[in-house]
Protein chains: 2
Amino acid sequence: MPVLNLRTDFAPPGDLSEEMNAIGRRARAAARQIALAPAHTKDTALRLVSERLRAERDTILAENARDVEAARAAGQTQALIDRLTLDAGRLNAIADAVAKIGALPDPVGRQIAAFERPNGLLIERIAVPLGVIGVIFESRPNVTADAGALCLKAGNAAILRAGSDSHRSAMAIARVMRAGLEAAGLPGDAIQIVPTRDRAAVGAMLSGLDGGIDVIVPRGGRGLVERVQAEARVPVFAHLDGICHVYVAAGADLDMALKVVLNSKMRRTGICGAAETLLVDRACAETHLAPLVKALLDFGCAVRGDAATQAVDGRVTAASEADWRTEYLDAIIAVRVVDGLDAAIEHIETNGSHHTDAIITDDMAEATRFLAEVDSAIVTHNASTQFADGGEFGFGAEIGIATGRMHARGPVGVEQLTTFKYRVHGNGQTRP
Amino acid sequence: MPVLNLRTDFAPPGDLSEEMNAIGRRARAAARQIALAPAHTKDTALRLVSERLRAERDTILAENARDVEAARAAGQTQALIDRLTLDAGRLNAIADAVAKIGALPDPVGRQIAAFERPNGLLIERIAVPLGVIGVIFESRPNVTADAGALCLKAGNAAILRAGSDSHRSAMAIARVMRAGLEAAGLPGDAIQIVPTRDRAAVGAMLSGLDGGIDVIVPRGGRGLVERVQAEARVPVFAHLDGICHVYVAAGADLDMALKVVLNSKMRRTGICGAAETLLVDRACAETHLAPLVKALLDFGCAVRGDAATQAVDGRVTAASEADWRTEYLDAIIAVRVVDGLDAAIEHIETNGSHHTDAIITDDMAEATRFLAEVDSAIVTHNASTQFADGGEFGFGAEIGIATGRMHARGPVGVEQLTTFKYRVHGNGQTRP
């Protein structure tokens, strides 16, 4: 089956920019209703969506099979086809995730702060939804359900844009979500999917749909995130790279260092929280470097090292300058010996991506300085970098991990999909 | 004295964009130091700045006199010259404000949240500085000191860009601040002023100085804010309009309504929290409308009204559609009778600017709905809209009021000039 021509599936036909702005206007109208929806109504909607994802299994899997067939015909890589393919087990996992998001505490309406002023005014700071969230993703069809459910839970409307390869699967899942919303009495427009493969739709979303989008979340590879960060005219929650470091300091217990370094690098090599660089304090290099390097090599990890690292094992190849700034997302690690804490911090600040960085040490003073001075979204002490994850943080689920400094940082869960307003309660106060 | 030619005061001469990027790099380096500075060091610096502002009075006032003379020669308005002019009293007030900011609690390092995971990981969410804040202002020289002090207190570096008219005054104040910082052992580059009147410097700041600026705060009129919001490639804390409403509901006590409406409109008409529109519930129009309108008129406020409002007093002129969306910043108010709470909310959501809106009523159910459904940064019940102010909120001071939804909303005090990071404390945990 040939890949569909661009926009043949866009009905009614019309000017793309106007179609997209209309999606934005519908989202904005729905957002106002969702923002005020009681927690139990949103949770009912998510429960219904979860049930319908199971009930509509055959339809969704049939649409997914068409996506997979088209991707094969187009000669896509096996890795992409793996990400794209759904089966009954994966669809159940998607339905479970939606139900779990429904069961999270409602982040909307939380009293974040409250204070009474000398004039008797009571001022409350209350969590309210962000508004309309645009999610742009690639081939994983589960993002439709995950991202839509997270946005809804936080009282937002979502505009989802699936990658060309997963378009049919995403449309099928989005139809089920709309039906679930409407069955709960909520506006179906709260979770819309862009019904075209035209890449210009992405540009329209990045421009903000004439005020119809408050924030963009890209879910996909570096190319997508880079384009979104460069072109977006609205705020973006994302990270471009996860160049995560583990620093083994002089005060590190070797057994703990071995365990945490191996886990940080090798538990899963393809996730953003995987370590890419190991820094070892020169003060403990004699005892710690060789065992760490050999353990990594024996575990199947390629090691690229500085001169000191190359000296400990013949299998180590030379690291280039570029290696210190490379996110391998693979079983490769760059290893360097540094002159103590200051040099480690300097290396991380110069080469890192402000995502997640770890120190291994039993010296609390050293750990405290590292946690304070490394300017990353997540800093860990004696713990694997692979804990950089919303589920591991106890957020229930996340829409992604952000390395920006504004609003959301680290795992972006439902709480970070809200903003706040001030409610001021008086009894006739006027300002002198 | 003629206005200086563009860039004659920029030394050394060179490519503007490169000069600006160099300012950004110096700010970034200083920001790293300021972020880690102990609270007492920042507070000492602000105390020294405050003292030096008083000690250097004659120099600052002489530079200010040159600005004022140039503004007069250029035929600037009296209003601008008033905003521009410093005297001993105003300079003392500036010094007092800096000292007061120094005495605020340190917003950096606060533990915003902490939670322990089942695996024993302790995760803390800790306030850290935003980074480098660009402040673009117009003719008020006090912004140099206020904004610089607020940024520093929150551990940020500041890049200040003064309006052409206040350039000499701002430079003189910035020199004093640099000296105060350095006397306290902090990097002088933490508060830099752009040493050129070239308007292209604003464009460079809006582009983010090649990663040298994290957020822009415009301080000035609508034209400046509009340009900044349209062109900035970095986040902006600002509000474009303050179209604030007071809704007098059927359940309103007339005496309270009179008091709060007059204060909201007339205490100061030129501030963003001043009311611009009065909405009166049709259910109480017979008793409340005429007294409210006559009180406003008698107080010297022009009233532009709908037909019902025009009927109660011959001095009322007809409101046009544009009046509902106009920020007068003057002794003018638009008045409209609406059919109850839903119509009031609909009017505010359609015409307002999401800044500050008030309801006057003794009916708690009605107040609760208004506070929930009006989607503004600040909503008040039985209290003047003119409380929209960082000082009145107890924030000590503010760098402005934001109506955006991301990160900062309402008065932007030192707390909103921070972001956060996660510190994860383990004892060897690895992810299964």
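Keep in mind the model is a prediction, meaning the values are calculated, not measured. As a convention, each chain's residues are numbered from 1 in the sequence order in which they are written. Written order determines the labels here, with chains lettered from A and ligands numbered from 1. With pLDDT at 70 or above as the cut-off, local features in this predicted model cover only qualifying residues; side-chain atom pairs require 80 or more to be listed or tallied, and sums for whole chains, interfaces and linings still use all residues. With hydrogens and water stripped out, all remaining heavy atoms of the structure feed into the side-chain values.

Student: Got a minute to help me understand the domain arrangement of chain A in this structure?
Tutor: One frequent convention defines the size of an interface as the accessible area lost when the parts assemble. Entries for chain A in the domain assignment read domain 1 (16–231) and domain 2 (244–392). Note that the domain bounds reflect an automated or database-derived domain assignment. Of note, the centres of domain 1 of chain A and domain 2 of chain A, computed from C-alpha atoms alone, are 36 Å apart.

Student: Sorry, what's going on with the relation of the copies chain B and chain A here?
Tutor: Put simply, the two copies of the chain differ by a rotation about an axis and a shift along that axis. Least squares is the method used to superpose the copies, on C-alpha atoms of residues holding a pLDDT of at least 70 in both. Least-squares fitting of chain B to chain A yields an RMSD of 0.0 Å, with the transformation described by 0.0 Å of translation along the axis and a rotation of 180°. Each copy turns onto its partner about a two-fold axis. Taking C-alpha positions as the reference, the residue of chain B nearest the rotation axis is His-407 of chain B, at 2.0 Å. Every residue pair with non-hydrogen atoms within 4.5 Å of one another is taken to be in contact. When the interface residues of chain B are mapped onto chain A, 100% of them again fall at the interface, so both copies present the same face.

Student: Would you mind going over the sheet that holds strand β11 (residues 332–338) of chain A with me for this structure?
Tutor: The pairing of strands in a sheet happens through backbone hydrogen bonds and is either parallel or antiparallel. Two strands qualify as a pair provided DSSP detects at least 2 bridges between them. For helices the rule is a DSSP run of H or I covering at least 4 residues; for strands it is a run of E covering at least 2, with both sets numbered from the N terminus onward. A sheet is described by the order of its strands in space; here ten strands give the open sequence β10(A)-β9(A)-β11(A)-β8(A)-β7(A)-β12(A)-β13(A)-β16(B)-β2(B)-β1(B), paired in mixed fashion. Looking at the sheet topology across the chains shown, the edges are occupied by β10 (317–318) of chain A together with β1 (111–116) of chain B. Taken together, the five bridges between β1 of chain B and strand β2 (residues 122–129) of chain B define a ladder with antiparallel strand orientation. Looking across to β2 of chain B, one finds that Glu-116 of chain B is bridged to Leu-122 of chain B. Axis angles are defined between N-to-C directions and span 0 to 180 degrees, where every axis is a line fitted to C-alpha atoms and, for a helix, only to the segment in contact. Taken strand by strand, helix α11 (residues 282–298) of chain A contacts β7 (244–248), β8 (275–281), β9 (302–305) and β11 of chain A, and its axis lies near 150° from that of β8 of chain A.

Student: Explanation requested: the UniProt feature "domain: Aldehyde dehydrogenase" (unreviewed entry) in chain A in the structure shown.
Tutor: UniProt positions are given in the numbering used here, feature names are shortened, and annotations may be inferred rather than shown by experiment. Within this numbering scheme, the UniProt entry marks residues 18–296 of chain A as carrying the feature "domain: Aldehyde dehydrogenase" (unreviewed entry). From the first C-alpha to the last, residues 18–296 of chain A spans 54 Å; its make-up is 53% helix and 16% strand.

Student: Please explain the interface of chain B and chain A as it appears in this structure.
Tutor: On the side of chain A, 74 residues touch chain B, which itself brings 74 residues to the contact. Counting the surface lost from both chain B and chain A, the interface buries some 5900 Å², and carbon and sulfur atoms represent 51% of this. Sorting the residues of chain B by area buried against chain A places Met-406, Tyr-422 and Arg-431 of chain B first, and these three jointly supply 14% of that buried surface. Throughout this description, the term salt bridge denotes a Lys or Arg side-chain nitrogen within 4 Å of a carboxyl oxygen of Asp or Glu. Where chain B packs against chain A, one counts eight salt bridges. Across the salt bridge formed by Arg-32 of chain A and Glu-346 of chain B, the nearest N and O atoms sit 3.6 Å from each other. Buried area: the accessible area, evaluated with a 1.4 Å probe, that two parts lose upon being put together, summed over both parts.

Student: Explain the environment of Val-246 of chain B here, please?
Tutor: Residues and elements named next belong to chain B. Tracing the chain through its elements places Val-246 in strand β7 (residues 244–248). Partly exposed residues are those whose accessible area sits between 20% and 50% of the maximum for their type, while under 20% is buried and over 50% is exposed, using a 1.4 Å probe and protein chains only. Among the residues examined, Val-246 registers a relative accessible area of 2% and is labelled buried. Considered as a pair, Val-246 and Met-266 are 20 residues apart in the sequence and their alpha carbons are 13 Å apart.

Student: I would appreciate a short explanation of unusual backbone geometry in the present structure.
Tutor: Outside of glycine, negative phi angles account for most residues, and trans bonds account for most peptide bonds. Even without being a glycine, Asn-382 of chain A presents a positive backbone phi close to 55°. The class for Asn-382 of chain A is buried, based on a relative accessible area of 4%. Of note, the phi angle at His-354 of chain B is positive, near 60°, even though the residue is not glycine. The exposure class assigned to His-354 of chain B is partly exposed, which follows from its relative accessible area of 27%.

Student: Whenever I open this one, a positive patch on the surface confuses me. Can you help?
Tutor: A surface patch of like charges, here positive, comprises Arg-83, Arg-90, Arg-140 and Arg-268 of chain A. Position of Arg-268 of chain A among the secondary structure elements: in the loop between α10 (254–266) and β8. For patches, a residue must show more than 30% relative accessible area and have no salt bridge; joins then use 9 Å for like charges and 5 Å for nonpolar side chains, namely Val, Leu, Ile, Met, Phe, Trp and Tyr. To measure how exposed things are, a 1.4 Å probe is used in the Shrake-Rupley method; for residues, cover is taken only from the protein chains shown. In this tally, Lys and Arg are treated as positive and Asp and Glu as negative; His is ignored, and so are the chain termini. Just so you know, the charge point we use is NZ for Lys, CZ for Arg, CG for Asp and CD for Glu.

Student: Would you mind showing me how to read the pattern of salt bridges here?
Tutor: Should the charged atoms of two oppositely charged side chains come close, the side chains can pair. Enumeration over the complete set of coordinates arrives at 65 salt bridges over all chains. Arg-315 of chain B is paired through a salt bridge with Asp-313 of chain B; the nearest N and O atoms lie 2.9 Å apart. For Arg-315 of chain B, a relative accessible area of 44% gives the class partly exposed. The salt bridge involving Arg-325 of chain B is made with Glu-321 of chain B; its shortest N-O contact spans 3.7 Å. Classification of Glu-321 of chain B by relative accessible area gives partly exposed; the value is 49%. Through salt bridges that share partners, Arg-26, Arg-178, Glu-182 and Asp-189 of chain A make up one connected network.

Student: What exactly am I supposed to notice about the pairing of strand β16 (residues 418–429) of chain B here?
Tutor: When a strand is regular, its side chains alternate between the sheet's two faces. Of all twelve residues in β16 of chain B, nine are buried; the element is thus mostly enclosed. The pairing of strand β13 (residues 378–383) of chain A with β16 of chain B spans five bridges and is classified as parallel. Bridge pairing links His-381 of chain A to His-425 of chain B in β16 of chain B. Direction of pairing for β2 of chain B relative to β16 of chain B: antiparallel, over a ladder of eight bridges. Considered in β16 of chain B, the bridge of Ile-126 of chain B is made with Lys-421 of chain B.

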